Structure formats: structure tokens, C-alpha cells
Amino acid sequence: KTPEGTLGALVIQNQTGAPSYSDQDQQLLQYVSTQIAAAIQRSSILARLQFLSRYDQLTSLPNRLLLRDRIAMALARARREKGKAALLYLDLDKFKHVNDTHGHAIGDQLLQAEFVVLLETLDSPQQAHVIAEKIRNMLSQPIVLADRKVPIIPSIGIALYPDDGHDEQSLLDLADSAMYGAKRSGGNQSKRANSTSKLPQVKPQT
């Protein structure tokens, strides 16, 4: 048993008619159970530290370190297979207004619904745009948080491999720049990296 609670139980069964455990036996069992509990606790702490090093505490989504690892793996596969991949960089327009109107607690809940999307095995650049627009249309619907309807307006930047960049850093930078370009153009739209105009909006399927 630890300050965080009970980790488990060590059950010892004595056969009928066998001698009872002596004080020395009980002390040994106590020592063994303490060592087992310490090992379990160390393993739990290590697993938690590994999780915190790779996932965001607020959203439980992969953090930038794990994201870079996943992007590198995706690009390696795309190079081997001579395929295409894409990064979608999502951001919420006027997020400060949500915080100011509904409070930071609601804002924190809202942050659990966005960020970076990695797409693999794409057939064409247009496919990345279609997916981005489906995400934008879905996110454009108000989200109910704490019994309040919170309107959100997403901007999405798109960067394609190998069309726009060849490594994870350049693709992240280009998708980020395209996302800010979408915001400067009024928001609530998708924009392709190195594009001077916003991509045509795709109507959601009914």
C-alpha cells in the first residue's frame, strides 16, 4: 500500500495440516511484498514519465516529439514507395474571444478537438484538400461544452510531400505558414502551401 493507494495483494495459501508461518516467515513475506510493490510503483512511474514525454498533458494527443517521429516514419515509407503524404496544420480563429467570453476552463476543453493531422498513402494533392475541407466543415459546427454552444472557426494549412517539401521540418513550416495565410485571408478555409489563393471549399456531403 502506498500514499496513492493499494497497488495489489500478495496472497499466500497454507495447506491444511501444514505448520503455521513463523514470525521470521512473516517478516520475509513482508519484505518480499514490499519489494514487489516498489517494483510495480517504479514501473508505473516510468510508464507515466514515458507518456508525459510523448503526449500533451491537456489533450492527451501526441506532442511535437512524437509527431516528428511519426512524420519521419511516414516520409520514409513514402520515399520507399514513391508515394505522397500531407500535413494539415489546424488552428482556431479568434480563440482568444472564446477564452474571454466563456473562460479558460471552456477554452481548455475546446483545445481537445484540434492540432496537426498526418495523412499517408495519398493518391493526389486534391485528396488532401478534400480531407482538410471535411475536417474544416466538421469543426465549423458549434461544440457543446459545459452546456454552452461554443462556435469555432478553423483555419487549415496544407503541405504535401514531395510536392511542397522533402523533410518534416520544411513540411511543418510550410503547413504552419499556409495556415497563417488562411487566417490572414479571413479564416474558416484551407490553404495549400506556396499557393497565392485559398483552395475552393468543398461542400459537406448530406
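Thresholds applied
- Residues numbered from 1 in each chain as written.
- Predicted model: local features only at pLDDT ≥ 70, side-chain atom pairs only at ≥ 80, totals over all residues.
- Heavy atoms only, no water.
- Helix = DSSP H or I, 4+ residues; strand = E, 2+ residues; numbered from the N terminus.
- Buried < 20%, exposed > 50% of the residue type's maximum accessible area, 1.4 Å probe, protein only.
- Contact = heavy atoms within 4.5 Å.
- Areas by Shrake-Rupley, 256 points an atom, 1.4 Å probe, with all protein chains shown as cover.
- Axes fitted to C-alpha atoms, helices over the stretch in contact; angles between N-to-C directions.
- Parallel < 35°, antiparallel > 145°, perpendicular 65-115°, else oblique.
- Left-handed = near helix turned anticlockwise from the far one by under 90°.
- Pairing = 2+ DSSP bridges.
- pLDDT = per-residue confidence, 0-100.
- Patch = residues over 30% accessible without salt bridge, like charges linked within 9 Å, V, L, I, M, F, W, Y side chains within 5 Å.
- Salt bridge = Lys/Arg side-chain N within 4 Å of Asp/Glu carboxyl O.

**Considerations on the overall build of the protein chain**
Scanning the protein chain from N- to C-terminus turns up six helices and six strands. Shown N-terminal to C-terminal, the secondary structure of the protein chain runs as helices and strands in the order α-α-β-α-α-β-α-β-β-β-α-β. In the protein chain, which comprises 206 residues, the proportion classed as buried is 29%. Long-range contacts, defined as pairs at least 24 residues apart, comprise 68% of the intrachain contacts of the protein chain with a sequence gap of at least 6. Accessible surface, the protein chain as shown: approximately 13,300 Å² in total, 53% of it carbon and sulfur.

**A few points about the packing of helix α2 (residues 64–81) against helix α6 (residues 168–184)**
At a minimum axis distance of 10 Å, the contact between α2 and α6 shows a crossing angle of 115°. The angle between α2 and α6 places the two elements in the roughly perpendicular class. In the packing of α2 onto α6, the handedness of the crossing is right-handed. Of the residues in α6, those in contact with R64, L67, R68, I71, A72 and L75 of α2 are E168, Q169, L171 and L172.

**Considerations on the sheet that holds strand β2 (residues 116–122)**
Hydrogen bonding along the main chain pairs the strands of a sheet, whether they run parallel or antiparallel. Spatial strand order, β2-β1-β5-β6: four strands in an open sheet with mixed pairing. Bordering the open sheet on either side are β2 and β6 (189–192), each of which pairs with just one other strand. Taking each pair of neighbouring strands and ignoring which way they run, the sheet shows an average axis angle of 20°. Direction of pairing for strand β5 (residues 153–161) relative to β6: parallel, over a ladder of four bridges. From the neighbouring strand, I158 faces β6, where its bridge partner is R192. Packed onto the sheet, helix α5 (residues 125–139) meets β1 (84–93), β2, β5 and β6 and runs at close to 165° relative to β5. Where α6 meets the sheet, it contacts β1, β5 and β6, and its direction lies at approximately 145° from that of β5.

**Concerning the pairing of β1**
In terms of residue burial, β1 counts as a mostly covered element, since eight of its ten residues are buried. In this sheet, β5 lies alongside β1 in antiparallel orientation, the contact comprising nine bridges. Its bridge partner being in β5, A85 is matched across the sheet by Y161.

**Observations concerning the confidence of the model for the protein chain**
Any residue range with low pLDDT should be treated as having predicted coordinates unsuitable for detailed reading. Overall, the prediction assigns the protein chain a mean pLDDT of 77, with 69% of residues at 70 or greater. At the low end of the mean pLDDT range in the protein chain sits helix α4 (residues 104–110), at 51; at the high end sits β6, at 93. Considering only residues more than four positions removed or in separate chains, one finds that residues 196–200, a stretch of pLDDT under 50, has twelve contacts.

**Considering a nonpolar patch on the surface**
Residues L28, Y31, V32, I36 and I40 make up a contiguous nonpolar surface patch of about 450 Å² in total accessible area. Among the secondary structure elements, V32 is positioned in helix α1 (residues 23–54). V32 sits in the partly exposed class, given a relative accessible area of 34%.

**Some thoughts on the environment of Y180**
Considering the arrangement of structural elements, one finds Y180 in helix α6. Separated by 87 residues in sequence, Y180 and D93 have C-alpha atoms that sit 9.9 Å apart.

**Focus: unusual backbone geometry**
In this chain, Y161 is followed by P162 through a cis amide linkage whose omega measures 0°. Unlike most non-glycine residues, K82 shows phi in positive territory, near 50°. By the secondary structure assignment, K82 is in the loop between α2 and β1. Positive phi, close to 50°, is recorded for T121, a residue that is not glycine. Residue classification places T121 among the exposed positions, given a relative accessible area of 62%.

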